[in-house]
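# A structural walkthrough
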Amino acid sequence: MTTALHGLRVLEFAGLGAAPFAASLLEEAGAEVIRIDRPPASPQSDRATLALDLKDLRDREVALRLADRADVLIEGFRPGVMERLGLGPEVLRPRNPRLVYGRMTGWGQDGPRAHEAGHDINYLAANGVLGSIARSGERPVPPLNLIGDYGGGGLLLAFGLLLAVVERQRSGLGQVVDAAMIDGSSLLMTGVWKRRAAGRWCDEPGTNDIDTGSPFYDVYEARDGRYLAVGSIEPQFYARLLETLELDPEMAKRQWDRSAWAADKQTIAARFAERDQADWAKSFEAVDACVTPVNTLGEVTTDPHIRARLGLIEVDGKVRPAPAPRLSRTPLLALPARPALDRDRAEALWPPRGPGGDAWPSPGDAPGGSAPERGPEPDGRPAAASRLDP
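Here the structure is a predicted model, which means the values were calculated and not measured.

How each quantity is defined
Residues numbered from 1 in each chain as written. Predicted model: local features only at pLDDT ≥ 70, side-chain atom pairs only at ≥ 80, totals over all residues. Heavy atoms only, no water. Phe/Tyr/Trp six-rings, centres within 6.5 Å; stacked < 30°, edge-to-face > 60°. Helix = DSSP H or I, 4+ residues; strand = E, 2+ residues; numbered from the N terminus. Buried < 20%, exposed > 50% of the residue type's maximum accessible area, 1.4 Å probe, protein only. Core = buried A, V, L, I, M, F, W, Y, C linked by side-chain atoms within 4.5 Å. Contact = heavy atoms within 4.5 Å. Patch = residues over 30% accessible without salt bridge, like charges linked within 9 Å, V, L, I, M, F, W, Y side chains within 5 Å. Areas by Shrake-Rupley, 256 points an atom, 1.4 Å probe, with all protein chains shown as cover. Salt bridge = Lys/Arg side-chain N within 4 Å of Asp/Glu carboxyl O. Pairing = 2+ DSSP bridges. Axes fitted to C-alpha atoms, helices over the stretch in contact; angles between N-to-C directions. Parallel < 35°, antiparallel > 145°, perpendicular 65-115°, else oblique. Left-handed = near helix turned anticlockwise from the far one by under 90°. pLDDT = per-residue confidence, 0-100.

A word on the packing of aromatic side chains. This model, assessed by the stated rule, comprises 10 aromatic pairs. Between the aromatic rings of Phe-21 and Tyr-150, the centroid separation amounts to 5.0 Å while the plane-to-plane angle is 80°, which identifies the pairing as edge-to-face. Placement of the pair is Phe-21 in helix H1 (residues 18-28) and Tyr-150 in helix H6 (residues 146-171), with a sequence separation of 129 residues. Here Phe-21 falls in the partly exposed class, since its relative accessible area comes to 25%. Given a relative accessible area of 28%, Tyr-150 falls into the partly exposed group. Put simply, the rings of Phe-216, Tyr-238, Trp-256 and Trp-261 touch in pairs and so form one group of aromatic residues.

Rendered as structure tokens:
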């Protein structure tokens, strides 16, 4: 089986959140990832892992040799940590000019907060994302750690790494990728900043069309305490929402009248509160109005659409999201846990390349060591995965 990143060698220095997520994305696309973690080594993990004490000269030499043979390096430490370990880009670049060096941080490599500790919630607080996610008059709500760590962190890093790898095909040279969660999460606010520049966004949260300010984009509570998500932005969807709720169709004519939003939200909320979630879900089942029952995580496993698309899979007996996006010709891989590596095995997986050796094997070359031998299942499931039990 051919994978999109077949032959790409990625050296990952173990961390939390964003950097491991980026490494997972690359590995699911076929990259050969070796993770370096501090001792003691776990017998098995979701990555081929080598335990090294990077303050030990002998172990550091192993890390340097692996970096010499890598195409991509990923680290998620605070600025300066890798330099103090003797593994910074200035040391590695002369040894391996083609190395793409990925740096994942919260605040970035420079700026007054670069060396401060922080988490997803802190970066979102600084760049306005967190302050924009709140109902009117209420406290901001942290969106889990999805925006900083994952959407604006790991995904951003993976994108930057692939940009650098593609560019390397022309220049023959690697470069440093500075991926910062404060930048990536801000980038996800591009649409809001455009609306604000056009005078169509108010800084007060909970007063705009898509931040729970409007009656047509909000979450409503049903009689049984369960919820329904309403995203009836377009006029035809809003009209169908009102029709299914058996409310005054005249409300559709004032959809964009902000002065009517508060009263109309109360009217819609009162109607949803008259019936249970399941009843409303059945009423809207055949209505194109952008109304969806809100699932718990437990309910996602039985959702008909999620199941039909194999959106959740089982790997090593554990339920997890299926790799995405879906490529028609070079499918992604759902890899099982692997035993820990020793030094000899790790170096044997990545034999030295000749001068100028390319990361991309020619078509038909045998798969690298980290790719599973089995191909995708006949029904399109990722390799090494199984369906969820009904």
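So much for the structure itself; the text now carries on.
This brings us to unusual backbone geometry. The amide bond that connects Pro-39 to the next residue, Pro-40, takes the cis arrangement and shows omega of 0°. Cis geometry is adopted by the peptide bond preceding Pro-325, which originates at Ala-324 and carries an omega value of 0°. Tracing the chain through its elements places Pro-325 in the loop between strand E12 (318-321) and strand E13 (338-339). The backbone of Leu-144 shows a phi angle near 50°, a positive value even though the residue is not glycine. Looking at Leu-144, the relative accessible area reads 63%, which means it is exposed. Look at Thr-212: it is not a glycine, yet its phi comes out positive at around 80°.

So, on to the nonpolar core. If you look at soluble globular proteins, the nonpolar side chains tend to sit buried side by side. If you look at the biggest cluster of nonpolar residues, it comprises 29 residues, and the most contacted ones within it are Val-10, Val-72, Ile-74, Leu-157 and Leu-161. The dominant element in this core, judged by the number of residues it contributes, is H1, at 6 residues. Sequence-distant contacts of Val-72, that is, excluding residues within four places in its chain, are made with Leu-8, Arg-9, Val-10, Leu-11, Leu-99, Val-100, Leu-161 and Val-165. Leu-11, Leu-52, Leu-64 and Leu-85 belong to the second largest nonpolar core, which has 24 residues in total.

On the surface, a nonpolar cluster with roughly 220 Å² of combined accessible area is contributed by Val-219, Tyr-227 and Val-294. When its relative accessible area of 37% is taken as the criterion, Tyr-227 is described as partly exposed.

Pairing is antiparallel across the open sheet formed by 3 strands, whose spatial order is E8-E9-E10. On the outer flanks of this sheet lie strand E8 (217-221) and strand E10 (291-293), each paired with one strand and no other. Strand after strand, the sheet turns through a mean of 20° between neighbouring axes, direction not considered. Alignment of E8 against strand E9 (residues 227-231), held across 5 bridges, turns out to be antiparallel. Pairing of Asp-218 across the sheet is with Val-230, part of E9. Strand contacts of helix H10 (residues 258-272): E8 and E9, with the helix running at about 40° to E8, the strand carrying the most contacts.

Another aspect to go through is the packing of helix H9 (residues 235-245) against helix H11 (residues 277-284). Contact geometry of H9 with H11 gives a least axis separation of 11 Å together with a crossing angle of 125°. Classified by the interaxial angle, the pair formed by H9 and H11 is oblique. Here H9 and H11 pass one another in a crossing that is right-handed. Residue-level contacts link Leu-241, Thr-244 and Leu-245 of H9 to Trp-280, Ser-283 and Phe-284 of H11.

Right, let's get into the confidence of the model for the protein. For the protein, per-residue confidence averages 92 on the pLDDT scale, and 91% of positions sit at 70 or higher. Within the model, the stretch residues 359-381 combines pLDDT values under 50 with 46 contacts to residues more than four positions away or in other chains.

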